[in-house]
Amino acid sequence: MSDLEIVVPFWGEPELLYLTVESVRAQRSPHWRLTVIDDCYPDDSVEGYFAQIEDERITYVRNERNLGITENYREAIRRSTGDYIAILGCDDLLHPDYVDVIRRTIAAVPGADVIQPGVDVIDEHGRPVRPLVDRVKQRLLAPHGTGIAVLRGESMATSLIRGDWLYWPSLTFRTETLRRIDFRDGLPIIQDLALLMDIAFAGGGLAYNPTVCFSYRRHGGSASQKSLLDGRRFRDERTYYAQARDLAESKGWRRTALVARMRVMSRLHAVTELPAVLRRGTRAGIQSTLAHIFVV
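Definitions and cut-offs
Residues numbered from 1 in each chain as written. Predicted model: local features only at pLDDT ≥ 70, side-chain atom pairs only at ≥ 80, totals over all residues. Heavy atoms only, no water. Patch = residues over 30% accessible without salt bridge, like charges linked within 9 Å, V, L, I, M, F, W, Y side chains within 5 Å. Areas by Shrake-Rupley, 256 points an atom, 1.4 Å probe, with all protein chains shown as cover. Salt bridge = Lys/Arg side-chain N within 4 Å of Asp/Glu carboxyl O. Helix = DSSP H or I, 4+ residues; strand = E, 2+ residues; numbered from the N terminus. Axes fitted to C-alpha atoms, helices over the stretch in contact; angles between N-to-C directions. Parallel < 35°, antiparallel > 145°, perpendicular 65-115°, else oblique. Left-handed = near helix turned anticlockwise from the far one by under 90°. Contact = heavy atoms within 4.5 Å. Nonpolar A, V, L, I, M, F, W, Y, C, P; charged D, E, K, R; others polar. Buried < 20%, exposed > 50% of the residue type's maximum accessible area, 1.4 Å probe, protein only.

Caption draft 1: Spatial organisation of a nonpolar patch on the surface. On the surface, a nonpolar cluster with roughly 440 Å² of combined accessible area is contributed by Leu258, Met262, Val264, Leu268 and Val271. Of all the elements in the fold, those that place two or more residues in the nonpolar patch are helix H11 (254-262) and helix H12 (264-280). Here the nonpolar patch takes three residues from H12, the largest share from any one element. Looking at the element boundaries, methionine 262 is found in helix H11.

Caption draft 2: Local environment of the packing of helix H6 (residues 153-162) against helix H8 (residues 191-201). At a minimum axis distance of 8 Å, the contact between H6 and H8 shows a crossing angle of 160 degrees. The orientation of H6 with respect to H8, classified from their angle, is roughly antiparallel. Here H6 runs over H8; the crossing is left-handed. Here Gly153, Met156, Ala157, Leu160 and Ile161 of H6 come into contact with H8, specifically with Leu193, Leu196, Met197, Ile199 and Ala200. Counted by class, the contact of H6 with H8 contains nine nonpolar, one polar and no charged residues.

Caption draft 3: Structural view of the environment of lysine 226. Topologically, lysine 226 is positioned in helix H9 (residues 223-230). Judged by its relative accessible area of 52%, lysine 226 falls in the exposed class. As for lysine 226 and glycine 281, which are separated by 55 residues in sequence, their C-alpha atoms are 8.7 Å apart.

In structure tokens form, the structure reads like this:
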């Protein structure tokens, strides 16, 4: 098994990036390589930070022009030379056993296209938090049990379209799979779910190892939160759920199609967000949230 390729597409707070990098350097396993792809973030100190690191496993590159998040993900995949790749957020943290857990999972499920390890959640200050969305993900939607759970094809698609319980920055992918199955354009807010569903529609597999080895950082002012207030989040979700329903019907996956049509968890999410949207959202955000709850 080759070293795990870890790539961090960077645009954000440099101090949080440095914590992410240090969490990679603290891995117990030496079998990793790290590439940071700076998408022209306007801070000259970032390059200086990497210049003083003497570790041949770590590479820092700066794009010639700003690519944006989706194209920077594609650049990460283009640069990868390993069999497996993890595309981290530039503010999340690996626990010291992350690489070990991923490598053990790959050895146990060698055909997996996606590996999801156990995750805990922290806020912008690094404090443990358990928002409602994460309690639902971890208690209701994720597979239960102490061993590795494996989902493939229709079972993977149905599980994810019921409610996306995965944490994108924590995932490790088979690199060949990401080269074969590209991101969908036009759905920037939920491009992660769309890609994972396309992997499932192509017959791919997901391995879930519940061993907690990753800290996912939630920000109150994140792009995802802003998209809820201005209406983009639920608009994009409705668009994609309709696409997923049609794809499932074309494959004869009736249960997947039904779950996509009803989108119960997605509607409930809109219900929980409605008070905040009514207080702070735009008119378009309020209309989009109400439509998401009531329109079939």
